[in-house]
Amino acid sequence: MLKISKNASLVISKVLTVLFFVVLICSTVILPHFVQLIAPAAVRPLGLRDGVLIMAAGYLILLFAMLADVLLFRLLSLVHRGEVFTVKAVALIRGVSWCAIAVSIVFLLVTWYYLIAIVLSFTAVLLGLCLRVVKNVVEEATAIKAENDLTV
Amino acid sequence: MIVINLDVMMARRKMSLGELSDKVGITLANLSILKNNKAKAIRFSTLDAICRALDCRVEDILEYKED
């Protein structure tokens, strides 16, 4: 089986995070064309106001995705420095989970125009929930580590 | 709360922190944590080594104070 060293794995994660950020930036350029492309698939005829709302939702989602990506990158930097089980790392994971939940809310609003968005909303809320649990686990681990570090 | 009176005993024995850490076999950083009352727990083995190094009793180092 292919075995990747811990450090290499960390570098791969960082590179992927940066690549994803580049993809997000490209998406902001493509978004208007994309909205135009999917316009005929809407459940109701779209006026100018609807178009603007859908665009706003799209940009909001991209914004939250970027924020989550930045938080993930900072989390990876913490892992690199060996400060995983700290209050800071817990706060970063919590931030990412809130981003996922915010995205799910935006997708839920988009459901008004595109029914299929409910699937994405569902996925995002599930992701946010999983991250919250991870955050709880890391928080508990942080407490145990502090106790262990302060045992002489 | 439990208070550590390590500095009192060290002064009485005229022992420095570095000397004690050598004798007890724990790092200077950990000994500082203990001396400054920041520790959350102490192992029996550590307590044993400290009492042996300072030639004192447990109650010379540990004290219960009502907060």
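All of the points below concern the structure found in this document. (Residues numbered from 1 in each chain as written. Chains lettered and ligands numbered in written order. Predicted model: local features only at pLDDT ≥ 70, side-chain atom pairs only at ≥ 80, totals over all residues. Heavy atoms only, no water.)

1. Here we look at the state of the cysteines
The term disulfide refers to a covalent linkage connecting the sulfur atoms of a pair of cysteines. Residue and element names in this part refer to chain B. Tallied over the full model, the rule gives zero disulfides over all chains. With no disulfide partner, cysteine 51 has as its closest neighbouring cysteine sulfur the one in cysteine 56, 4.5 Å distant. What makes cysteine 51 buried here is its relative accessible area of 11%. (Disulfide = S-S within 2.5 Å. Buried < 20%, exposed > 50% of the residue type's maximum accessible area, 1.4 Å probe, protein only.)

2. Focus on the environment of cysteine 130 of chain A
Residues and elements named next belong to chain A. Along the chain, cysteine 130 turns up in helix α4 (residues 117-149). Under the relative-accessibility criterion, cysteine 130 is labelled partly exposed at 45%. Along the sequence, cysteine 130 and alanine 56 sit 74 residues apart, while their C-alpha atoms lie 27 Å from each other. (Helix = DSSP H or I, 4+ residues; strand = E, 2+ residues; numbered from the N terminus.)

3. Thoughts on unusual backbone geometry
All names here are of chain B. Its identity is not glycine, yet lysine 14 carries a phi of approximately 55 degrees, on the positive side. Residue placement: lysine 14 occurs in the loop between α1 (6-13) and α2 (17-24). Positive phi outside glycine occurs at asparagine 37, with the angle close to 60 degrees. Owing to a relative accessible area of 37%, asparagine 37 belongs among the partly exposed residues under this scheme.

4. Regarding the side chain of serine 104 of chain A
All names here are of chain A. Turning to its location among the elements, serine 104 is positioned in helix α3 (residues 87-110). In this structure serine 104 comes out as buried when scored by relative accessible area, which is 5%. If sequence neighbours within four positions are ignored, serine 104 has contacts with Ser121, Ala124 and Val125. (Contact = heavy atoms within 4.5 Å.)

5. Quick word on the packing of aromatic side chains
Residues and elements named next belong to chain A. A complete count under the given rule lists zero aromatic pairs over all chains for this structure. For the cation-ring pair, lysine 14 lies above phenylalanine 73, with the distance from its terminal atom to the ring centre recorded as 5.5 Å. In this structure, arginine 44 packs its charged tip against the face of tryptophan 112, placed 4.0 Å from the ring centre. (Phe/Tyr/Trp six-rings, centres within 6.5 Å; stacked < 30°, edge-to-face > 60°. Lys NZ or Arg CZ within 6 Å of the ring centre and 35° of its normal.)

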